[in-house]
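What follows is each chain in one-letter form.
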Amino acid sequence: MKLMLVGYGNVGKAFRKLLHEKKVKELENVKIAGIVTTRGLMLKDQEEFVPDKKINALEALDEVQPDVVVDMASANYKTGEPSLSLYLSALKRGIHVITTNKAPLALKYKEIINTAISHGSKIFFQATVMSGTPSINLYRILPAMKVRKIRGILNGTTNYILTRMSQGLSFNEALKEAQELGYAERDPTLDINGFDAAGKITILSNVYFSRYISINDVKFEGIGNIEIGDALKRGNKIKLIAYADEKETYVKPMEITKEDFLYNVDGVNNALEIESDIQKITIVGPGAGPLNAAYGAFSDLILLLRGENLPGL
Ligand code: HSE
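A few points on the structure.

Thresholds applied
- Residues numbered from 1 in each chain as written.
- Predicted model: local features only at pLDDT ≥ 70, side-chain atom pairs only at ≥ 80, totals over all residues.
- Heavy atoms only, no water.
- Axes fitted to C-alpha atoms, helices over the stretch in contact; angles between N-to-C directions.
- Helix = DSSP H or I, 4+ residues; strand = E, 2+ residues; numbered from the N terminus.
- Parallel < 35°, antiparallel > 145°, perpendicular 65-115°, else oblique.
- Contact = heavy atoms within 4.5 Å.
- Nonpolar A, V, L, I, M, F, W, Y, C, P; charged D, E, K, R; others polar.
- Pairing = 2+ DSSP bridges.
- Phe/Tyr/Trp six-rings, centres within 6.5 Å; stacked < 30°, edge-to-face > 60°.
- Lys NZ or Arg CZ within 6 Å of the ring centre and 35° of its normal.

1. Points about the packing of helix H2 (residues 57-64) against helix H3 (residues 83-92)
Reasoning step 1: Where H2 contacts H3, the axes come no closer than 9 Å and their chain directions differ by 25°. Regarding the angle of H2 to H3, the classification is roughly parallel. Counted together, Ala-57, Leu-58 and Leu-61 of H2 and Ser-85, Leu-86, Ser-89 and Ala-90 of H3 form the full contact between these two elements.
Reasoning step 2: Considering only residue class, the contact of H2 with H3 consists of five nonpolar, two polar and no charged.

Okay, here's the thing in structure tokens:
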């Protein structure tokens, strides 16, 4: 089985390392046949990126002829390109796609999923929401549950900033730390203004409610001008909350009391509460970080090799 990696930053490098270091029987016949970045295509599996050809990811599909494309490029929320065209083209040829990149799914979920279904190919995207902490893949093991609402903290950078501000740092000092730790988007405005969390709750809504929406349907506010002092004086915390039910989807900063489970979800941790006709489930874990995102894609690859798919696909 041939993989083509797209994007080779911190996440791509961590993914490659996992592939080489984890001795899993499913991986016995898996190899990296090509790595593509904006600098071109490298046709070998080595740590240092040295392009062999100056071609883009779409052209590289023909050259590499992979079985699976693993996209770890950064998000372009305007159009989802060039990843969107790459997925559609790959899925139409029966090539499976694994992605950590939220933008194409947040913008065009329905088109991507329908393309996969009609061509018998698969798309896996655990790392787009909560990185390596199961959120999308959690849904695979909750068959026949009727989900009523979901609520959570879905952006690691802003949760980290809010936590560090409550410990006395300024907004800018906390943001700098989040960037140094590899949590923030290349353009951190996308974290701060709530856009990243809005993209994630969009993807979750599509999966958990089978409700086809795009990020453009989601109301969102961020933490750009946030004042946390008054909430702290009341013994509360401010958290950037993402919420969705059958009718509405939003992201906004909210004051959270000690009784709320989300009160203790601090730092880069994210959380997701799922309320259903059967029970309420909460999952907590890191929502960002190169190794965590790489693990999200890596776990997708193992599930794909085991023949799994999302329920309903
Ligand atoms: N910038 C994102 C975050 C990365 O901070 O949550 C993980 O999606």
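2. Topic: the sheet that holds strand E4 (residues 68-71)
Reasoning step 1: What the six strands build is an open sheet, ordered E3-E2-E1-E4-E5-E6; its pairing is mixed. In this open sheet, the two edge strands, each paired with only one partner strand, are strand E3 (40-42) and strand E6 (123-124).
Reasoning step 2: Pairing analysis gives four bridges linking E4 to strand E5 (residues 96-99), with the strands arranged parallel. What sits directly across from Val-70, in E5, is Ile-98.
Reasoning step 3: Running at roughly 155° to strand E1 (residues 2-6), helix H1 (residues 10-21) makes contact with E1, strand E2 (31-37) and E4 of the sheet.

3. What about the packing of aromatic side chains?
Reasoning step 1: Counted according to the given criterion, the structure contains nine aromatic pairs.
Reasoning step 2: On the numbers, 5.9 Å between centres and 90° between planes, the contact of Tyr-109 with Phe-125 is edge-to-face. You can see Tyr-109 sitting in helix H4 (residues 102-119) and its partner Phe-125 sitting in the loop between E6 and helix H5 (136-139), a full 16 residues away along the chain.
Reasoning step 3: A ring pair is formed by Tyr-160 and Tyr-183, whose centres lie 5.6 Å apart and whose planes are at 70°; its orientation type is edge-to-face. Residue Tyr-160 is located in helix H6 (residues 156-166), and its partner Tyr-183 is located in the loop between helix H7 (171-180) and helix H8 (189-192); the two are separated by 23 residues in the primary sequence.
Reasoning step 4: An aromatic cluster of three or more residues is present, and its members are Tyr-77, Phe-195 and Phe-220.
Reasoning step 5: A cation over a ring is seen here: Lys-237 above Tyr-263, with NZ or CZ 4.2 Å from the ring centre.
Reasoning step 6: In this structure, Lys-252 is placed above the aromatic ring of Tyr-250, and the distance from its NZ or CZ to the ring centre is 4.8 Å.

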